[in-house]
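Structural overview for review
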Amino acid sequence: KQEVTQIPAALSVPEGENLVLNCSFTDSAIYNLQWFRQDPGKGLTSLLLIQSSQREQTSGRLNASLDKSSGRSTLYIAASQPGDSATYLCAVHRGDRGSTLGRLYFGRGTQLTVWP
Amino acid sequence: DGGITQSPKYLFRKEGQNVTLSCEQNLNHDAMYWYRQDPGQGLRLIYYSQIVNDFQKGDIAEGYSVSREKKESFPLTVTSAQKNPTAFYLCASRKTHEETQYFGPGTRLLVL
């Protein structure tokens, strides 16, 4: 069974710092990996999706990397802002045997607070 | 305005009562999912459906039931057999051959 771990569980930093959030997974047979953002009491918003054949993806101040062989991904946030405060969830996507329906396995998330 | 809607935002359940959470999408997505989220936990898959009139159990299906009579709708019933239903419930959908799941705003279920 796929296990996804995120470190740290919580992070509090002053505005302007560059951050690294970590995600590890136990089964390297994945299709892709996604990073999501969740604001308190809200649904999830997809930030970045990295295909298993890719090494990284970038969107604005966010950069996600993937090392499938070692079962690790990092989300790098440059020049953090108070508006970045949220929980960041990592999820790996793999296909179930005999089914074309992929399913996501989630980590517990990193709760980020950026203070002014 | 396309998207996924969930209702109600908050739901209160009395002991022994069945309650139904609504999930509707107008994105023309084939696959739909129900997840449960507990404080400090990742999302856990309850049920999923690839097409109308077909659905499969996820990791924690006991005490829950679903139906998929229409492509746009995937309601989740929390039955009295679910002894610890207090959680945040998230619905998601995905277009076949695409990999991103799109999430609704969630329903918080509380037990009276």
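See the structure printed just above.
Every chain is numbered independently, its residues counted from 1 as its sequence is written. Just so you know, chain letters begin at A and ligand numbers begin at 1, following the order they were written in. In keeping with the model being predicted, local features are shown solely for residues with a pLDDT of at least 70 and side-chain atom pairs are shown and tallied solely at 80 or more, while totals for entire chains, interfaces and linings include all residues. Note: side-chain values were computed over all heavy atoms of the structure, leaving out hydrogens and water.

**A look at the overall build of chain B**
- Check the secondary structure of chain B and you find zero helices and eleven strands.
- A compact globule built from 112 residues would reach a C-alpha radius of gyration of about 13 Å, and chain B, at 13 Å, matches this within 12%.
- In terms of its C-alpha atoms, chain B occupies a principal-axis envelope of roughly 40 × 25 × 25 Å.
- Any two residues whose heavy atoms approach within 4.5 Å at even a single point are treated as in contact. A separation of at least 24 residues holds for 52% of the contacts in chain B among residues at least 6 apart in sequence.
- Computing the positive centroid from 13 side-chain charges and the negative centroid from 12, chain B places the two 6 Å apart. The helix and strand labels rest on DSSP assignments: H or I over at least four residues marks a helix, E over at least two residues marks a strand, and numbering proceeds from the N terminus. Here the globule rule reads 2.2 Å times residues to the power 0.38, and the radius of gyration is calculated from C-alpha atoms. Asp and Glu count as negative and Lys and Arg as positive, but His and the ends of the chain are not part of the count. Positions of charges follow a simple convention, taking NZ of Lys, CZ of Arg, CG of Asp or CD of Glu.

**Concerning the packing of aromatic side chains**
- Stacked, tilted and edge-to-face are the three classes assigned to paired rings of Phe, Tyr and Trp, where Trp is represented by its six-membered ring and a pair needs centres within 6.5 Å; plane angles under 30 degrees give stacked, over 60 edge-to-face, the rest tilted. Overall, the coordinates contain nine aromatic pairs over all chains when judged by the stated rule.
- Here B:Tyr33 and B:Tyr35 contribute two aromatic rings whose centre-to-centre distance is 6.2 Å and whose plane-to-plane angle is 15°, an arrangement assigned as stacked.
- Three or more aromatic residues joined by ring pairs make a cluster, and in this case those are A:Phe36, A:Phe106, B:Tyr33, B:Tyr35, B:Tyr48 and B:Phe103.
- Counted as over-ring charges are cases with an Arg CZ or a Lys NZ within 6 Å of the ring centre that also lie within 35 degrees of the ring normal. We note B:Arg68 situated over the ring of B:Phe74; from NZ or CZ to the ring centre the distance is 5.9 Å.

**Focus: the state of the cysteines**
Residue and element names in this part refer to chain A.
- Disulfide: a pair of cysteine sulfur atoms within 2.5 Å of each other. Counted under the stated rule, the structure contains two disulfides over all chains.
- The disulfide partner of Cys-23 is Cys-90, and the S-S distance across this bridge is 2.0 Å. Classification of the bridge connecting Cys-23 and Cys-90 rests on its S-S torsion, roughly -60°, and on that basis the disulfide is left-handed. Of this pair, Cys-23 sits in strand β3 (residues 19-25) while Cys-90 sits in strand β9 (residues 86-95); the two residues are 67 residues apart in sequence, bridging distant segments of the chain.

**Structural notes on the interface of chain A and chain B**
- With 22 residues of chain A at the interface, the matching set in chain B holds 24 residues.
- What counts as buried area is the accessible surface, traced by a 1.4 Å probe, that two parts surrender upon association, with contributions from both included. Carbon and sulfur atoms make up 50% of the area that chain A and chain B hide from each other, which totals about 1900 Å².
- Each reported salt bridge corresponds to a side-chain nitrogen of Lys or Arg within 4 Å of a carboxyl oxygen of Asp or Glu. Seen at the junction of chain A and chain B, the total is zero salt bridges.
- The term polar contact refers here to a pair of N or O atoms within 3.5 Å; inside protein, the definition further demands a hydrogen-donor-capable atom paired with an acceptor-capable atom, and it admits residues adjacent in sequence only when both atoms are side-chain atoms. Linking chain A with chain B are one residue pair in polar contact (both at pLDDT 80 or more), by the criterion used here.
- Broken down by secondary-structure element, the contributors of at least two residues to the side of chain A that touches chain B are β4 (32-38), β5 (44-51), β9 and β10 (102-106) of chain A.
- By the convention adopted, Pro, Cys, Tyr, Trp, Phe, Met, Ile, Leu, Val and Ala count as nonpolar, Lys, Arg, Asp and Glu as charged, and the other residues, Gly among them, as polar. Among the residues forming the side of chain A that touches chain B, the class breakdown is seven nonpolar, eleven polar and four charged.

**Topic: the sheet that holds strand β7 (residues 64-66) of chain B**
Residues and elements named next belong to chain B.
- One open sheet holds the four strands; their spatial order is β1-β3-β8-β7, and the pairing between them is antiparallel. Edge positions in the sheet fall to β1 (4-7) and β7, since each has one partner strand and no second. Sheet twist, expressed as the mean angle between neighbouring strand axes with direction ignored, is 20°.
- For two strands to be treated as a pair, DSSP must find no fewer than two bridges joining them. Where β1 lies against strand β3 (residues 19-25), four bridges are found, and the strand directions are antiparallel. Note on β3: the bridge partner recorded for Thr-5 is Glu-24. Convention adopted: a line fitted to C-alpha atoms gives each axis, helices being fitted over their contacting stretch, and angles between N-to-C directions are expressed from 0 to 180 degrees.

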